[in-house]
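# Summary of the model geometry
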Amino acid sequence: MTKRPRAGQRVAAERAPAKDGYSKPAAAGHRARSHARRLALQALYQIQINPRPLAAVQSEFAADPEAERVDIDYFRALITAIEPHREALDLRLAALCEIPPHELDPIEHAVLWLGMHELESRPELPYRVALAEAVELAKQFGATDGHKFVNAVLDRAARELRPHEYGLPA
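These numbers were taken from a predicted model, which means no experiment stands behind them. (Residues numbered from 1 in each chain as written. Predicted model: local features only at pLDDT ≥ 70, side-chain atom pairs only at ≥ 80, totals over all residues. Heavy atoms only, no water.)

## Focus: the overall build of the protein chain
When helices and strands are tallied, the protein chain shows 8 helices and 2 strands. In sequence order, the protein chain lays out its α and β elements as β-β-α-α-α-α-α-α-α-α. Expressed as a percentage of the 170 residues in the protein chain, the buried residues total 42%. Residue pairs in contact within the protein chain that sit at least 24 positions apart in sequence constitute 65% of those at least 6 positions apart. Here the protein chain displays about 9,900 Å² of accessible surface, and carbon together with sulfur accounts for 53% of that area. (Helix = DSSP H or I, 4+ residues; strand = E, 2+ residues; numbered from the N terminus. Buried < 20%, exposed > 50% of the residue type's maximum accessible area, 1.4 Å probe, protein only. Contact = heavy atoms within 4.5 Å. Areas by Shrake-Rupley, 256 points an atom, 1.4 Å probe, with all protein chains shown as cover.)

And the structure:
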């Protein structure tokens, strides 16, 4: 017989391997991934403002009290994939937006890196999810209308990178 937790009692989420090889909390996959994106945004922002080795940033953010709600493997995968390829992402962004990447607000810049990475490297993730997650981060942390800019740029990127999801000819 399994004991049920009492009201207000915290229960540790079991880790279950996901199809993509990352482990995530069994009960909170989507939410844990959203939290991972949020933590990755904060780490990418910090890397822009106060450059430090990636390992130090990973350790600092993984030790954050918020990390218990995060799909920590996805967080690490995001910043490990994005940080060393920021210049390549910026080249792609330069072709998609009217503001040069080096002039972007650091929050919107980090959100665009996250969104571009997910559009390019996570084909199992619907483009609408990648855009919605990026826009939500920009609303929470960015400038007043920064989310509109992020949406427009990532929408252009999605049309180019995933024309089949738009119903456009490839």
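Now that the structure has been shown, we can carry on.
## Remarks on helix α6 (residues 127–141)
Here α6 spans 21 Å end to end across 15 residues, near enough to the 21 Å set by a 1.5 Å rise per residue. What α6 keeps buried is the set Tyr 127, Ala 130, Leu 131, Glu 133, Ala 134, Val 135, Leu 137 and Ala 138. (Expected span 1.5 Å × (residues − 1).)

## With respect to the environment of Glu 98
Looking at the secondary structure, you find Glu 98 in the loop between α4 (86–96) and α5 (106–121). The spatial distance from the C-alpha of Glu 98 to the C-alpha of Val 153 is 9.2 Å, given a sequence separation of 55 residues. Residues contacting Glu 98, with those up to four places away along its chain left out, are Phe 149 and Arg 156.

## Regarding the packing of helix α1 (residues 29–49) against helix α3 (residues 72–82)
Following both chains from N to C, one finds α1 and α3 inclined at 40 degrees, their axes separated by 8 Å at the closest point. Comparing their axes, α3 and α1 come out oblique. The chirality of how α1 crosses α3 is right-handed. Residues Arg 33, Ala 36, Arg 37, Leu 39, Ala 40, Ala 43 and Leu 44 of α1 form the contact with α3, whose own contacting residues are Tyr 74, Phe 75, Leu 78, Ile 79 and Ile 82. (Axes fitted to C-alpha atoms, helices over the stretch in contact; angles between N-to-C directions. Parallel < 35°, antiparallel > 145°, perpendicular 65-115°, else oblique. Left-handed = near helix turned anticlockwise from the far one by under 90°.)

## Observations concerning the packing of aromatic side chains
Taken as a whole and judged by the stated rule, the model has 0 aromatic pairs. Above the plane of the ring of Tyr 74 lies Arg 33, whose end atom (NZ or CZ) is 4.0 Å from the centre. (Phe/Tyr/Trp six-rings, centres within 6.5 Å; stacked < 30°, edge-to-face > 60°. Lys NZ or Arg CZ within 6 Å of the ring centre and 35° of its normal.)

## A few points about the side chain of Gln 58
Relative to the helices and strands, Gln 58 is located in helix α2 (residues 54–62). Looking at Gln 58, the relative accessible area reads 17%, which means it is buried. Within the structure, the side chain of Gln 58 is placed 2.8 Å from the side chain of Thr 80, a separation counted as a polar contact. If sequence neighbours within four positions are ignored, Gln 58 has contacts with Phe 75, Arg 76, Ile 79 and Thr 80. (Polar contact = N/O pair within 3.5 Å; in protein donor to acceptor, adjacent residues only side chain to side chain.)

## A word on the confidence of the model for the protein chain
Looking at the protein chain as a whole, the pLDDT averages 83, with 82% of positions reaching at least 70. Across the protein chain, the element-wise mean pLDDT spans from 39 in strand β1 (residues 15–17) up to 97 in α5. Every residue in residues 1–27 is under pLDDT 50, and counting partners more than four places away or in other chains gives 35 contacts. (pLDDT = per-residue confidence, 0-100.)

## A look at the packing of α1 against α6
A pair of packed helices is characterised by two quantities: the angle between their axes and the separation of those axes. At a minimum axis separation of 11 Å, α1 and α6 run at an interaxial angle of 55 degrees. The angle between α1 and α6 falls in the class oblique. Relative to α6, α1 is oriented so that their crossing is right-handed. Where α1 abuts α6, its residues His 30, Ser 34, Arg 37, Arg 38, Leu 41 and Gln 42 lie against Glu 133, Leu 137, Gln 140 and Phe 141. A per-class count over the contact of α1 with α6 returns 3 nonpolar, 4 polar and 3 charged. (Nonpolar A, V, L, I, M, F, W, Y, C, P; charged D, E, K, R; others polar.)

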